Amino acid sequence: MKKGWEIKKLGEVCDFQGGSQPPKSNFIFEEKKGYVRFLQIRDFGADKNITYIPESKKNRYCNEDDILLGRYGASVGKVLVNKAGAYNVAVMKTIPNELLLNKKYLFSYLTSVDFQGRLSKVASRSAQDGFSKDDIYDFPILLPPLPEQQRIVAILDEAFAAIAKAKANAQQN
């Protein structure tokens, strides 16, 4: 292994926080002062059924740059990004130690075959697929120094941009 690279347990470099579930009687469907967008898994695919709930200390909040994971059923392991609000119990927020773990590097790890494969084995142990933060605490993560993580992310970003361009060109032709 390269100098400065380590294999850590995921839970040593990243914490996780489950969501909350307010009563449906609190749901409204138009923006209103004192209310916040309530994020459910469906909201990461489309903005058709936007729901708002009262702001509360009981809510679990996320920002657009946070990385969330689907916890149950068909959405187990789905990596969810680019939304801000309060998230529900079917979602888990990642809280990386950013002194050790770059968020974009974490995103690459969470979408990797290695992580997803391990997660599917853990999640399929129950009647309805699901997992907790304890289930993924010991997952191994290869952790290069932060500058190397940033370099890897830049290479991946470039590769994915080239793939997207090639797909667009193929569809055009």
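Look a little higher up for the structure.
Residues numbered from 1 in each chain as written. Predicted model: local features only at pLDDT ≥ 70, side-chain atom pairs only at ≥ 80, totals over all residues. Heavy atoms only, no water.

A tally of helices and strands in the protein chain yields five helices and 10 strands. Based on the C-alpha atoms only, the size of the protein chain along its principal axes is roughly 55 × 45 × 35 Å. Once local pairs closer than 6 in sequence are excluded, the contacts in the protein chain between residues at least 24 apart make up 66%. Carbon and sulfur atoms provide 52% of the accessible area of the protein chain, an area that totals close to 10,600 Å². Computed over 26 positive and 20 negative side-chain charges, the inter-centroid distance for the protein chain is 2 Å. (Helix = DSSP H or I, 4+ residues; strand = E, 2+ residues; numbered from the N terminus. Contact = heavy atoms within 4.5 Å. Areas by Shrake-Rupley, 256 points an atom, 1.4 Å probe, with all protein chains shown as cover. Lys, Arg positive; Asp, Glu negative; His and termini not counted. Charge placed at Lys NZ, Arg CZ, Asp CG, Glu CD.)

What follows covers the sheet that holds strand S8 (residues 85-87). Here four strands make up an open sheet; going across it, the order is S4-S3-S8-S5 and the pairing mixed. The two strands at the open ends of the sheet, each matched to only one other strand, are strand S4 (51-54) and strand S5 (61-62). Pairing of strand S3 (residues 35-39) with S8 involves two bridges; the strand directions are parallel. Note on S8: the bridge partner recorded for phenylalanine 38 is alanine 86. (Pairing = 2+ DSSP bridges.)

Okay, the pattern of salt bridges next. Oppositely charged side chains can pair when the atoms bearing their charge come close. Evaluation of the coordinates by the stated rule reveals 12 salt bridges. Of the charged contacts in the structure, one is a salt bridge between arginine 42 and aspartate 43, with a shortest N-O distance of 3.9 Å. Sharing partners across several salt bridges, the network here consists of Arg37, Arg42, Asp43, Asp47 and Lys83. (Salt bridge = Lys/Arg side-chain N within 4 Å of Asp/Glu carboxyl O.)

Pairing is antiparallel in the open sheet, where four strands are placed in the order S2-S9-S6-S7. Where the open sheet ends on each side, the last strands, each with one partner, are strand S2 (14-18) and strand S7 (79-80). Here strand S6 (residues 68-70) pairs with S7 via two bridges, running antiparallel. Bridge pairing in S7 links leucine 68 to leucine 80. Sheet strands in contact with helix H2 (residues 103-110) are S2, S6, S7 and strand S9 (91-96), and its direction is about 135 degrees off that of S9. (Axes fitted to C-alpha atoms, helices over the stretch in contact; angles between N-to-C directions.)

Where burial is concerned, most of S3 is hidden: four out of the five residues are buried. In this structure, S3 lies alongside S4, joined through four bridges in antiparallel fashion. Paired with valine 36 across the two strands is isoleucine 53, which belongs to S4. (Buried < 20%, exposed > 50% of the residue type's maximum accessible area, 1.4 Å probe, protein only.)

Once that is clear, we can look at the packing of H2 against helix H5 (residues 146-172). It is at 9 Å that the axes of H2 and H5 come closest, and there the two elements cross at 60 degrees. As the angle between them shows, H2 and H5 are arranged oblique. The interaxial crossing formed by H2 with H5 has left-handed handedness. On the side of H2, the interface is formed by Lys104, Tyr105 and Ser108, while H5 contributes Gln149, Ile152, Val153, Leu156 and Asp157. (Parallel < 35°, antiparallel > 145°, perpendicular 65-115°, else oblique. Left-handed = near helix turned anticlockwise from the far one by under 90°.)

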